[in-house]
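# Remarks on the overall topology
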Amino acid sequence: MNCPRCKKLFHKVRQNVCPDCVKEIDREYEKCYKFMRKKENRACNVHDLSEATGVSVNQITMFILEGRLSIDNNPNMSYPCRSCGEPLRAGSLCAHCTSNLKKIASYMKEDEQKRREEKAQEKRERSALYRSGRDE
């Protein structure tokens, strides 16, 4: 497949990126990790980290979401919600977006239940037509 990062053709075994990009991602991780470990950098945020290391905000966010970078000791460190962009410290969706997603899911479940009930009703009505000529 083609590497989504550098567009080179490679044989996919385990990773979704080529071996060269895996090495580059590991180097980027090391830069971020070393920067965040220093006490004087504990107050940085994602944008400061990106600017200081040259690593994209998206890649830093992926490191955090994958659990490679811990933000527990960095009180100003947050990353954007995947839906609305609000700052987060845990998970990938903020409380508001999670709530909206749950509402949508419950509406979809209700609609599906109504469709099933309507189909069952149609089936009962059709079967009633076939039984109407029988003596009971």
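Residues numbered from 1 in each chain as written. Predicted model: local features only at pLDDT ≥ 70, side-chain atom pairs only at ≥ 80, totals over all residues. Heavy atoms only, no water.

### Comments concerning the nonpolar core
- In this structure, C32, L49, I60, F63, I64, L69 and M77 are the most contacted members of the largest nonpolar core, which totals 24 residues.
- Every element with two or more residues in this core is listed here: α1 (19-37), α2 (46-53) and α3 (57-65).
- Broken down by element, the residue count for this core peaks at five residues, all from α1. (Core = buried A, V, L, I, M, F, W, Y, C linked by side-chain atoms within 4.5 Å. Buried < 20%, exposed > 50% of the residue type's maximum accessible area, 1.4 Å probe, protein only. Helix = DSSP H or I, 4+ residues; strand = E, 2+ residues; numbered from the N terminus.)

### Here we look at the packing of aromatic side chains
- Enumeration over the complete set of coordinates arrives at two aromatic pairs.
- Ring centres of Y29 and Y33 lie 5.9 Å apart, and the angle between their planes is 25 degrees; this geometry places the pair in the stacked category. One end of the pair is Y29 and the other is Y33, both in helix α1 and four residues apart, which spans about a single turn.
- Judged by its relative accessible area of 34%, Y33 is partly exposed.
- Judged by centre distance (5.6 Å) and plane angle (75 degrees), the rings of Y29 and F63 are edge-to-face. Placement of the pair is Y29 in helix α1 and F63 in helix α3, with a sequence separation of 34 residues. (Phe/Tyr/Trp six-rings, centres within 6.5 Å; stacked < 30°, edge-to-face > 60°.)

### Remarks on α1
- With 19 residues, α1 extends 27 Å from end C-alpha to end C-alpha; this agrees with the ideal 27 Å at 1.5 Å per step.
- For α1, every residue scored as buried is listed here: C21, I25, E28, Y29, C32 and M36. End-on view of α1: buried residues confined to an arc of 105 degrees, all on one side of the axis. Of the exposed residues in α1, the ones pointing more than 90 degrees away from its buried face are P19, K23, K34 and R37.
- The secondary structure elements touched by the buried residues of α1 are α2 and α3. (Expected span 1.5 Å × (residues − 1). Arc of directions from axis to C-beta. Contact = heavy atoms within 4.5 Å.)

### Considering the domain arrangement of the protein chain
- Taken domain by domain, the protein chain consists of domain 1 (1-93) and domain 2 (94-135).
- Averaged C-alpha coordinates put domain 1 and domain 2 at centres separated by 44 Å.
- Across the boundary between the two partners, domain 1 contributes seven residues, which contact five residues of domain 2.
- Carbon and sulfur atoms supply 75% of the area that domain 1 and domain 2 bury against each other, a total of about 370 Å² over both sides.
- Three residues stand out in domain 1 for area buried against domain 2, namely C84, E86 and L93, and they jointly supply 76% of the buried area on that side.
- Counting across the domain 1 and domain 2 interface gives zero salt bridges.
- For the pair domain 1 and domain 2, the interface holds zero residue pairs in polar contact (both at pLDDT 80 or more).
- Here the side of domain 1 that touches domain 2 is built from residues that sort into four nonpolar, two polar and one charged. (Domains from an automatic or database assignment. Buried area = accessible area lost by both parts, 1.4 Å probe. Salt bridge = Lys/Arg side-chain N within 4 Å of Asp/Glu carboxyl O. Polar contact = N/O pair within 3.5 Å; in protein donor to acceptor, adjacent residues only side chain to side chain. Nonpolar A, V, L, I, M, F, W, Y, C, P; charged D, E, K, R; others polar.)

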